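Listed below are the residues making up each chain.
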Amino acid sequence: MREILYVQAGNLANHIGTHFWNTQESYFTYSDDEETLLNHDISFRDGETLKGEPTYCPRLLSFDHKANFGTLSRTNTLYENEDIDGSQLWQGNIAEYGRVPIEPHAYQAHLQTDGEPTSLAADFTNDIRYWSDFNRVFYIPRTVQMLPNVPDWQKTEGNWAFGQESFQRYNEETELMESSVRLFIEECNSFQGLQLMSDTSTFGSFSISFLMAFNDELSRAPCLSFPLLGDAVPRNVNLENTVQIRKVVNDAVYLRELDSLSSLTIPILNPNTWSKGGWDVNLKIGGDRYYTSSVLSAHIESSTLPLRLKNNTEDISSFSGHLNLHGSRRFSQLAGVFPVAAGVTPQDFWKHTHTQAYPLPSSFPDIFCDEEILTNYTRTPHADRSSVLPSATLFSSLSTSSSTAEMFSEYATYLQACVDRRKTGILPGLVETSDDIKELVNDLWTIHDGYSGSESDVF
């Protein structure tokens, strides 16, 4: 089946991932007469509830701090734990403690009581608090991986040692690799690899620790990675700002480690660092993660679509190979246009896979300046689901070229300046001395040189 195990680690990663899975649900068909576009078994798994009822849920590990899950829990209407009366097991005094439950978001309440909204979620997406507020799919319990909350006073962004310790402690306490992860892999008929998306500033070293454990204990299958970089851009960070320096070094180390652990890595700039330009000409979009993550998800979903198409033999290994013909280019760039204005044709862009327009479920934010650019995506009606969804034309591309090297040049140049300023102890436990920084600088230039003066590979 060429199954993929998806991993989302961090708040932004789960915002993007929630949009991604909502889109996958939009591709479902409910009639034997209607041909499906995708091979859903690549991303979804068959299962059963405790009552023996069939389920079909994402093959996903979702890591985040407990406070970020909102109303989402390990149990839901598909997987409800059997109630146990504690008084029958314990004969001593019982002290009960509780907390005020989080109220469901208006969008979730509408889905449960009134069914599917008839348009994009403009009326229901005010005050999105958590990524679970606009979630449309059910998850099995082992998908939901809640890490302990971090106290407000503890600054952990860019703290490499903290992420490593968090993974080691969480893995020991939950037997993560030997239980949840191993079970996902053993369910697969022909496991093709991982698709990893993670917030580098908060889950960078956690994700690297996960990948190393995965390779050592379970499989060396290919990995497609989307690191969501922090908000510290090297060219904009003052050399006296210790916190920002640590974020820069954290991102640089994460990218270096992925060079040996990931088959293909597509770094994503933090939305807080995006500049205004032609990309947002047809969008009304602010800085809220709910909105920016919808744009990122659209491009990530579309650029990786060949991995999920029903009549396509593409897998992560061959997909990565298209962009790494020379064997040393394991980093690529994601670009695209969303939405595409009327009159623009696919020939105006680099895109090797042409398919129907991008479906927009009711959970998708109303970000379009001109609704006339939207078309209809028709599907067989089922239960409360609408038979017609709005959709938009979207072009996305992945490429490797000499411009890919510019990012590594910026990181290496900035870190060399740290060496020149005798900055030390930047990343406790990993990059502490000048020699550590020099080694990192050399590694980044080595990656850079693999792209310099190269021809472009586009997919």
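Rules used in this analysis
- Residues numbered from 1 in each chain as written.
- Predicted model: local features only at pLDDT ≥ 70, side-chain atom pairs only at ≥ 80, totals over all residues.
- Heavy atoms only, no water.
- UniProt positions renumbered as here; feature names shortened; annotations may be inferred.
- Helix = DSSP H or I, 4+ residues; strand = E, 2+ residues; numbered from the N terminus.
- Expected span 1.5 Å × (residues − 1).
- Buried < 20%, exposed > 50% of the residue type's maximum accessible area, 1.4 Å probe, protein only.
- Pairing = 2+ DSSP bridges.
- Salt bridge = Lys/Arg side-chain N within 4 Å of Asp/Glu carboxyl O.
- Core = buried A, V, L, I, M, F, W, Y, C linked by side-chain atoms within 4.5 Å.
- Axes fitted to C-alpha atoms, helices over the stretch in contact; angles between N-to-C directions.
- Parallel < 35°, antiparallel > 145°, perpendicular 65-115°, else oblique.
- Left-handed = near helix turned anticlockwise from the far one by under 90°.
- Contact = heavy atoms within 4.5 Å.
- Phe/Tyr/Trp six-rings, centres within 6.5 Å; stacked < 30°, edge-to-face > 60°.

- An unreviewed UniProt entry annotates the chain as Misato segment II tubulin-like domain-containing protein of Lentinula boryana.
- Under the Sequence similarities (unreviewed entry) heading, UniProt states for the chain: "Belongs to the misato family."
- Under the UniProt heading Function (unreviewed entry), the entry covering the chain gives this text: "Involved in the partitioning of the mitochondrial organelle and mitochondrial DNA (mtDNA) inheritance."

Describing helix α6 (residues 242-261)
Moving on, step 1. Counted at 1.5 Å a residue, the expected span for α6 with its 20 residues is 28 Å, and the 28 Å between its end C-alpha atoms agrees.
Moving on, step 2. Of all 20 residues in α6, 16 are buried, a share of seventy percent or more.

Examining the pairing of strand β6 (residues 193-199)
Moving on, step 1. When you tally the buried positions in β6, you get 7 out of 7 residues, the bulk of the element.
Moving on, step 2. Where strand β1 (residues 4-9) and β6 come together, 6 bridges link them in parallel fashion. When the sheet's bridge partners are listed, A9 is paired in β6 with S198.
Moving on, step 3. Direction of pairing for β6 relative to strand β7 (residues 223-228): parallel, over a ladder of 6 bridges. Across the sheet, residue D199 finds its bridge partner in β7, namely L228.

Looking at the pattern of salt bridges
Moving on, step 1. Under the definition given, this model contains 15 salt bridges.
Moving on, step 2. Notably, a salt bridge pairs K247 with E157, separated by 3.5 Å at the nearest N-O pair. Of this pair, K247 sits in helix α6 while E157 sits in the loop between β5 (144-147) and α3 (160-174); the two residues are 90 residues apart in sequence, bridging distant segments of the chain.
Moving on, step 3. The exposure class of K247 is buried, given its relative accessible area of 8%.
Moving on, step 4. The salt bridge partner of R182 is E178, with a shortest N-O separation of 2.9 Å. Placement of the pair is R182 and E178 together in helix α4 (residues 177-187), with a separation of 4 residues, close to one helical turn.
Moving on, step 5. Look at R182 and you get partly exposed, because its relative accessible area is 25%.

Considering the nonpolar core
Moving on, step 1. Membership of the largest hydrophobic core comes to 60 residues, with the highest contact counts inside it found for F63, L194, F210 and L415.
Moving on, step 2. A13, I16, L60 and W131 belong to the second-largest nonpolar core, a separate cluster that totals 34 residues.

Things to note about the packing of helix α1 (residues 11-26) against helix α7 (residues 289-303)
Moving on, step 1. One way to put it is that α1 packs onto α7 with a least axis distance of 8 Å and a crossing angle of 60°. Between α1 and α7, the angle is such that the two are oblique. Helix-helix and strand crossings are classified by hand; for α1 and α7 the assignment is right-handed. Contact with α1, carried on its side by N11, L12, H15, I16, H19, F20, T23 and Q24, involves R289, Y290, S293, S294, L296, S297, I300 and E301 of α7 and no other residues of that element.

As for the sheet that holds β7
Moving on, step 1. The 6 strands lie next to each other as β5-β4-β1-β6-β7-β8, forming an open sheet whose pairing is parallel. Of all strands in the sheet, those with a lone pairing partner are β5 and β8 (264-265), marking the two edges.
Moving on, step 2. Here α4 sits on the sheet and contacts β1, β4 (60-65) and β5; the angle it forms with β4, its principal contact strand, is near 160°.

With respect to the packing of aromatic side chains
Moving on, step 1. Per the stated rule, a full pass over the model turns up 24 aromatic pairs.
Moving on, step 2. Here the aromatic rings of F203 and F206 are separated by 5.4 Å at their centres, their planes lie at 75°, and the arrangement is edge-to-face. Within this pair, F203 and its partner F206 are both found in helix α5 (residues 200-217), separated by 3 residues, close to a single helical turn. A single burial state applies to F203 and to F206, both of which are buried.
Moving on, step 3. By the ring-pair criterion, three or more aromatic residues cluster together here, those being F63, F167, Y170, F191, F203, F206, F210 and F214.

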